[in-house]
Amino acid sequence: MAGRTFDAWTVGDTIHHDIRRTVTETDNILITTLTHNPQPLHLDAEYAAATEFGRVVVNGTFTFALMVGISVGETTLGTLVANLGYDKLVMPKPVFVGDTLRIETTVVDLRPSKSRPEAGIVVFDHLARNQRDEIVCRCLRTALVRRSAA
């Protein structure tokens, strides 16, 4: 277990996750086809070349999932009861094949669970940046996390 229990967090805790990931063409094609997304901006190089981006744009659901996934090992691995929601998801810059993403997570809210005394609610602000230090994805993740054993 590498994740932290509810009692181990404080508002303002920030983790700069060590794992970085370079996005591949396979990543993009796989997530786009697995989700039955026919958007040519993600699949058709000729079409994408004629857009303002000039090339294929990586499917945003991959970027979002990668951002959250990288964070799990140091946030909720082994301590998560449930993810309760994702809010304020934004993707201010596109991701392209070959971009390397790095993730940081900050705790922005903590509160005990009213219905589950053995757990608490942690709100994480996840942020993904590319190699140019541009923010490419951000969201709030609300998680129900186990408390330390009494």
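Draft legend 1. Looking closely at helix 4 (residues 60-75). Relative to the 22 Å expected for 16 residues at 1.5 Å per residue, helix 4 spans 22 Å between its end C-alpha atoms, a close match to the ideal helical length. The set of residues buried in helix 4 consists of Gly60, Phe62, Thr63, Phe64, Leu66, Met67, Val68, Ile70, Ser71 and Thr75. Contact partners of the buried residues in helix 4: strand 1 (14-22), helix 1 (25-34), strand 2 (80-90), strand 3 (100-112), strand 4 (119-129) and strand 5 (135-146).

Draft legend 2. Expanded view of the nonpolar core. By size, the foremost hydrophobic cluster in this structure holds 15 residues, and its most contacted members are Val23, Phe64, Met67, Val95, Leu101 and Ala128. Residue contributions to this core peak at six residues, all from helix 4. When neighbours within four sequence positions are excluded, Met67 is seen to be in contact with Ile103, His126, Leu127, Ala128, Cys137, Arg138 and Cys139. If you look at the next biggest cluster of nonpolar residues, it comprises eight residues, including Trp9, Ile15, Val107 and Val122.

Draft legend 3. Just the pattern of salt bridges, in detail. The final tally for this structure, using the stated rule, is ten salt bridges. Asp99 is the partner of Arg132 in a salt bridge, and the nearest nitrogen-oxygen pair spans 3.6 Å. You can see Arg132 sitting in the loop between strand 4 and strand 5 and its partner Asp99 sitting in the loop between strand 2 and strand 3, a full 33 residues away along the chain. Arg132 sits in the partly exposed class, given a relative accessible area of 42%. Residue classification places Asp99 among the buried residues on the basis of a relative accessible area of 3%. Between Asp133 and Arg129 there is a salt bridge, and its shortest N-O distance comes to 3.9 Å. By relative accessible area, Asp133 is classed as partly exposed at 42%. Overlapping salt bridges, with partners in common, bring together Arg102, Glu104, Arg129 and Asp133 in one network.

Reading the values: the criteria
- Residues numbered from 1 in each chain as written.
- Predicted model: local features only at pLDDT ≥ 70, side-chain atom pairs only at ≥ 80, totals over all residues.
- Heavy atoms only, no water.
- Helix = DSSP H or I, 4+ residues; strand = E, 2+ residues; numbered from the N terminus.
- Expected span 1.5 Å × (residues − 1).
- Buried < 20%, exposed > 50% of the residue type's maximum accessible area, 1.4 Å probe, protein only.
- Contact = heavy atoms within 4.5 Å.
- Core = buried A, V, L, I, M, F, W, Y, C linked by side-chain atoms within 4.5 Å.
- Salt bridge = Lys/Arg side-chain N within 4 Å of Asp/Glu carboxyl O.

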